[in-house]
Amino acid sequence: MSLSPEVLEPVPVADAAPAPKGVVGRSPGQLAWMRLRRDRTAMISGCTLLFLMLVALAAPLIEVLYGVGPHDEFKHLLTRRGSIPLGYAGGVSADHWFGIEPGTGRDIFIRMVYGLRTSIFIALASAIVTAGLGVTAGILAGYLGGWVDTVISWITDFALALPFLIFALAVMRPVELRFYGPREEVPTWFRVAVLIAIFAAFGWTSTARLVRGQVISLREREFIEAARASGAGLGHILFRQLLPNLWAPILVSFSLAVPAYVTGEAALSFLGIGIVDPTPDFGAMIFRSIAYLQTDPAYVFFPGITIFALVLAFNLFGDALRDALDPKSSR
Amino acid sequence: MSLLAVEGLTKHFTARGGVVRAVDGLDFTVRAGQTLGLVGESGCGKTTTGRMLVRLLEPTGGRIVFEDRDITHLGRRAMRPLRQDLQIIFQDPYATLNPRHTVGRIVAMPLTVNGTRPPGGVKKRVQELLELVGLNPEHYNRYPHEFSGGQRQRVGIARALALRPKLIVADEPVSALDVSIQAQVINLLRQLQRDLGLAFVFIAHDLAVVRHFCQRVAVMYLGRIVEIGERDEIYERPRHPYTRALLSAIPDVAKLGQSEGRIRLTGDVPTPMNPPSGCRFRTRCWKAQDICATEEPPLTAGVACHFPEPEGAP
Amino acid sequence: MRMRVAAAAALVLVVSAACSKTTEEGEEVDQTRTATGVIATDPKDSLGPAAEVPGATKGGTFTVIRENKISHLDPQRVYSFAGLMNAPLYARSLTAFKDDGKGNLTLVGDLAETPGTNVNKDCKVWEYKVKDGVKFEDGTPITSKEIAYGIARSFDPDLTGGPTYVQEWLADTADYDTKWNFKANKASLPPGLSTPDAKTIKFEFTKPRCDLPFALSLPSSAPLPPAKDTGVNLDNQPFSSGPYKITKHTPGVELVMERNEHWDPKTDPVRHQYPEKFVWKFGPDPDAAANQVIADTGDAAAGLAFNGVPSALVSRVEGDAALKGRTITSPTPSAWRLTINTQHVTDLAVRQALNYAIDRQGFITVYGGTTVASPLTTLMPPATIGYKEYDAYPAGPTGNPEKAKELLAGKTPELVLGIGDDVPELGTQLKTNLEKAGFKITVKTIPADAKLDETKKKDNPWDIWLDQWAADWPSGAAILPVLFDGRSIKAEGNSNTSYFNNDAINAEFDRVLALDPSAQAAEWSKIDERIMKEQAPAVPLFVEVAYYLHGSKAGGIFISSVFGYPAFVNAYVKQ
């Protein structure tokens, strides 16, 4: 508490000379932002993230500029005998910046750009759904208590006890069968939706626990009682009074959930139950590249480095965000 | 006609090991514009009583009548119009304001919640309120962490005033403040009470503050009122031994250095889970007789004691 | 510290591999070899000893490295490729293939003096004479009794896993074990099997069984004295009749075989006894095994990785000049085809269009290149006896989409491609390839472990999928009727996965199956071509190419023309 913002900020005295007109206070969020701005790690990881997200968003534009699509094949650039890219470092050239895939002969760079898009979209969407579910459940459990809390906590414990990978492996196929006949192709968007649903089904519990704990510590605060004494309804108390005080833990758990989902999605696709060929995807790409570890190491190198950078940047940024949103500032 | 009438108000909490009789049958009334002080040691049930009055807690028994209307078990919707007349100020200036809301939003909250549209707009009303409690109305957009404890308490008061209530329950509004600030806030409350004709139920353990602010005083011990009466009656001529003991503990500059007349209570306050039979104070009372253990003294003529000091005694 | 060293080593590996230039080099696989297999008519072919292997020396320990244990050692239960390649070392059968590793196969008598006498020339009665001087590992002579007992015990339902041809033919039913109960009749012989004297064994069938000489080349015709029958425990410690005997066996860890001094090379036309010992070491995965052999140290120097060089490692092996001369590459009889479900795709033009459209070169590239696959336009693989090459739908190595569109005449057939989820890129390749030729392909992934069982169900929902067939012996009889005789279609477990049923073709099968084995070979080739030209129930794709690497001290290894796996009968350790 040695450097609480109260000490840093000049405390206006009630009867002091009138402050200049239109004084606007700095909100806790703005203070956090200022701290974040001063954090070099946060800025570097944030810029990396921003760059990768821009690349992902601009994938079709990059395709046009680069002149190669993610499904274009360049089999003539592979050896006939071993299907390994000709030339250096997996076929790196002016036309194919990161080389080409062995076997299929597709351009690695543009597939990574699109893979980034798949990866980031799934991770962000999962994190958003997770946060939405987790926050709602956590607030309800924490504020209402009683049997609602008991039921939600029970479900949380149950979901935490389920082994994620085994569950995902067991669930993916029956879900596909339930919605698609044996002669119908399972569209990529459906697989994406199921992945998001699986992540959300598992991820919401930790957010819910976190939020529940926060809410329990907040619900006895007098500003909540003041709202109740003024006749505020449940909705107002939950979303107007409690929620703004939960942004810090929600943001931190969100920013740490995203990289977990990036790796999770890659892991599931690696195991063949996530995104499947020909949709560009990091997990599927790394799975294929493992077989060429010795003969074409460049194939695993580029997607490996990128997913590493993405996950590291998200994690560092999440940590920095947690520091910036230090609960001391919440007073 | 009394603004607020409380009859046999009771609150029992179930806890592990039994029932906590936090409030066990209170009777009192508050007239419009009147201030009633509720004093007692911590744990005597005064805060619980305050919470029940504004219906933050559901009473276990008894009745709360506000403007001739029984509000004891009104639902949230039915309670809504009465909320405007019945507000509360809290003890902790740090917990009383939502740290993520601007002061303007905090003060406006009762208006937004009740959908009240004051003439001239919410912002104007909020600025009026801020001015009323002695804050710079331009600080509308500031956040609680930018204010001192006393200023925050003023914000809390402004919020309680937003709906122009008739009665405010002030739950130890100054006990968390510095002594110098306490006086400012008390003065503000007195001024508001006079200017706006507010009635107060003023909960405090500090008898000096109560004496300064309240017209009537009720003394609570273990969930019951042991003595109630006009301020001067209580302070000048306390009749219940407990009241006398409390009053004697007030440091008096005039009597500094004299230990004479100081009543030291022995023993701890018994647990409200298992209060003593008969008179609850008997375990610490120097006047206790056999009857005190068997018969509970009723509150007659403002005092609940088998052996009260005679009326009019100094 | 160790982590850092490992990381540095990994970096060096990555950098060095990334900085070396990949070019197109290495000798081409001999893709056009044609098996000129025959059945020996001259009894001299069946005499021992087998011709000396040039450069072979005696002594040493030959090591074979494999990930999993061999599923069965009991000769009556051996059926896996590893088992089939290993069994000749300790189990002799009635007949055997003389194999030069280049596709020249001769079926000869092994324990028998000849590949068999077709007594009435109708394939219903076969007679075998047992050679003189053949002995078990304890020196007792092998007679027709022990051979017949071996065949009889293969009727025991407890002894699972082995081939069932001979049992089914003798009993004339698939439920052979109920027709003749081995356990209740241990002293007698199954119906149709008899031993008129100690040197003679006789098979009598109710229907012509012209493939018997081939079927008897499997180890299930190995002999066993009834006294040595330990039932299911024989799997751990078989009783040897071959050049080696099992001296130590820790299932899943190690199998040690040492010379059997009672084996007489003069009686054996195919086997040698060069190394002191053969040792199988189980455990390392295919990558690890290949890397051990590449490193060429310790046991692996005189050894072989039985799982071969994983396709992804092939180009690394190719690019390494030091490994030249240690690789063995050869097409195998394992043939891949794109099966067409003729129940769904009833229009011949569509099936022919698929054949015109197929881009074999592109498919092989995605599969791993020409070092692992060699294109095929026939239903039977080139290693089949009597094979004749043809291309019913000549469209060049990358297919002819225009010709396919022409056949489709403006229609866009919508086909559902079932693909194992372990090879989604093959599905993508087929979809891209066929859609260029005017098809609309829906790719449906199937769990890899369920794919085989599911496609073998008659009412499976898919139109086209990848299938693979490797016959138990290189005769058209073990391929075409199995894959395309419509009368054998059942609800589940079909080998005829095209669900193809044509009366004329079925009649042809019956006619040829009744011919003498030596006369059948050319006929099968004709039927092969006829099925493809007239019916096109599948699109032949490629045969797998075996790619093996052995240690610098290992010699005499060749790829079996019958099974496509390394054979050990000529193996030796360079001294």
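This text goes with the structure placed above it.
Within any chain, residue numbers begin from 1 and follow the written order of that chain's sequence. Chain letters and ligand numbers both follow the written order, the letters beginning at A and the numbers at 1. Restriction of local features to residues with pLDDT of at least 70 applies here, the model being predicted, together with a cutoff of 80 or more for giving and counting side-chain atom pairs; totals for whole chains, interfaces and linings are based on all residues. Side-chain measures here rest on the full set of heavy atoms in the structure, leaving out hydrogens and waters.

J.: Would you explain the overall build of chain B in this entry?
T.: Tallying secondary structure elements over chain B gives ten helices and ten strands in all. A principal-axis box enclosing the C-alpha atoms of chain B has dimensions of 65 × 50 × 40 Å. Classification of residues uses two cut-offs on accessible area relative to the type maximum, computed with a 1.4 Å probe and protein chains only: under 20% is buried, over 50% is exposed, and between them is partly exposed. When each of the 314 residues of chain B is scored for burial, the buried share is 56%. Once local pairs closer than 6 in sequence are excluded, the contacts in chain B between residues at least 24 apart make up 63%. Accessible surface is estimated by sampling points in the Shrake-Rupley manner with a 1.4 Å probe; for residues, cover comes only from the protein chains shown. When the accessible surface of chain B is totalled, it reaches about 13500 Å², and 48% of it is carbon and sulfur. His is not counted, nor are the chain ends, whereas Lys and Arg count as positive and Asp and Glu as negative. Charge placement uses NZ in Lys and CZ in Arg. For Asp and Glu, CG and CD serve respectively. Counting 41 positive and 32 negative side-chain charges, chain B places the averaged centre of each group 7 Å from the other. Only DSSP runs of H or I covering at least 4 residues are called helices, and only runs of E covering at least 2 are called strands; the numbering of each starts at the N terminus. We call two residues contacting when some pair of their heavy atoms lies within 4.5 Å.

J.: Would you take a moment to explain the pairing of strand 10 (residues 224-230) of chain B for this structure?
T.: All names here are of chain B. Of all seven residues making up strand 10, five are buried, and the element is well covered by its neighbours. Inspection of the sheet shows strand 9 (residues 216-221) paired to strand 10 by six bridges, in the antiparallel sense. Its bridge partner lying in strand 10, Y221 is registered against R224. Where strand 9 folds back onto strand 10 in an antiparallel hairpin, the turn is made up of two residues, including L222, whose phi is positive at roughly 50°. If DSSP finds at least two bridges between two strands, the strands pair.

J.: Where do I start with the environment of B:N187 in this structure?
T.: All names here are of chain B. Inspection of the secondary structure puts N187 in helix 6 (residues 179-196). A relative accessible area of 40% places N187 in the partly exposed class. With 26 residues separating them along the chain, N187 and F213 place their C-alpha atoms 8.5 Å apart.

J.: Would you explain the sheet that holds strand 14 (residues 373-375) of chain C in this entry?
T.: Strand pairs in the sheet, formed through backbone hydrogen bonds, run parallel or antiparallel to each other. Residues and elements named next belong to chain C. Taken together, six strands build an open sheet; the order of strands is 14-18-13-17-15-16 and the sheet is mixed. One side of each edge strand has no neighbouring strand; the edge strands of this open sheet are strand 14 and strand 16 (440-446). On average, adjacent strands in this sheet sit at an angle of 35° to one another, irrespective of strand direction. Two strands pair when backbone bridges link them, and strand 13 (residues 327-340) and strand 17 (residues 464-469) are joined in this way by six bridges, in the antiparallel orientation. Looking at strand 17, one finds that T339 is bridged to W465. Axis angles are defined between N-to-C directions and span 0 to 180 degrees, where every axis is a line fitted to C-alpha atoms and, for a helix, only to the segment in contact. Together, strand 13, strand 14, strand 17 and strand 18 (538-549) form the strand contacts of helix 10 (residues 360-367), whose direction differs from that of strand 18 by roughly 40°.

J.: I'm lost on helix 3 (residues 40-57) of chain A in this one. Help?
T.: An α-helical turn contains 3.6 residues, so any two residues separated by three or four positions project in the same direction. All names here are of chain A. The terminal C-alpha atoms of helix 3 lie 25 Å apart, and with 18 residues this matches the ideal 26 Å at 1.5 Å per residue to within 8%. Turning to helix 3, its buried residues number three or more, namely A42, S45, G46, L49, L52, V55 and A56. Those residues of helix 3 that are buried are in contact with helix 2 (28-38), helix 4 (59-66), helix 5 (108-144) and helix 13 (297-324). Helix span, expected: 1.5 Å multiplied by one less than the number of residues in the helix.

J.: Whenever I open this one, the state of the cysteines confuses me. Can you help?
T.: A disulfide bridge is the covalent bond that connects two cysteines by way of their sulfur atoms. Residue and element names in this part refer to chain B. The term disulfide is used for any two cysteine sulfur atoms that are within 2.5 Å. Following the criterion strictly, the structure yields one disulfide over all chains and no others. Here C292 stays unpaired: no disulfide links it, and the sulfur of C279, its closest cysteine neighbor, is 5.7 Å away. C305 takes part in no disulfide bond, and the closest cysteine sulfur to it belongs to C285, at a distance of 6.0 Å. Residue class for C305 comes out buried when judged on its relative accessible area of 16%.

J.: For this particular structure, what's the right way to read the side chain of A:R288?
T.: Tracing the chain through its elements places A:R288 in helix 12 (residues 282-290). Looking at A:R288, its side chain comes within polar contact range of the side chain of A:E101, at 3.5 Å. For the purposes of these results, a polar contact is taken to be a pair of N or O atoms within 3.5 Å, where, inside protein, one atom must be able to donate a hydrogen and its partner to accept one; residues adjacent in sequence count only when each atom of the pair is a side-chain atom.

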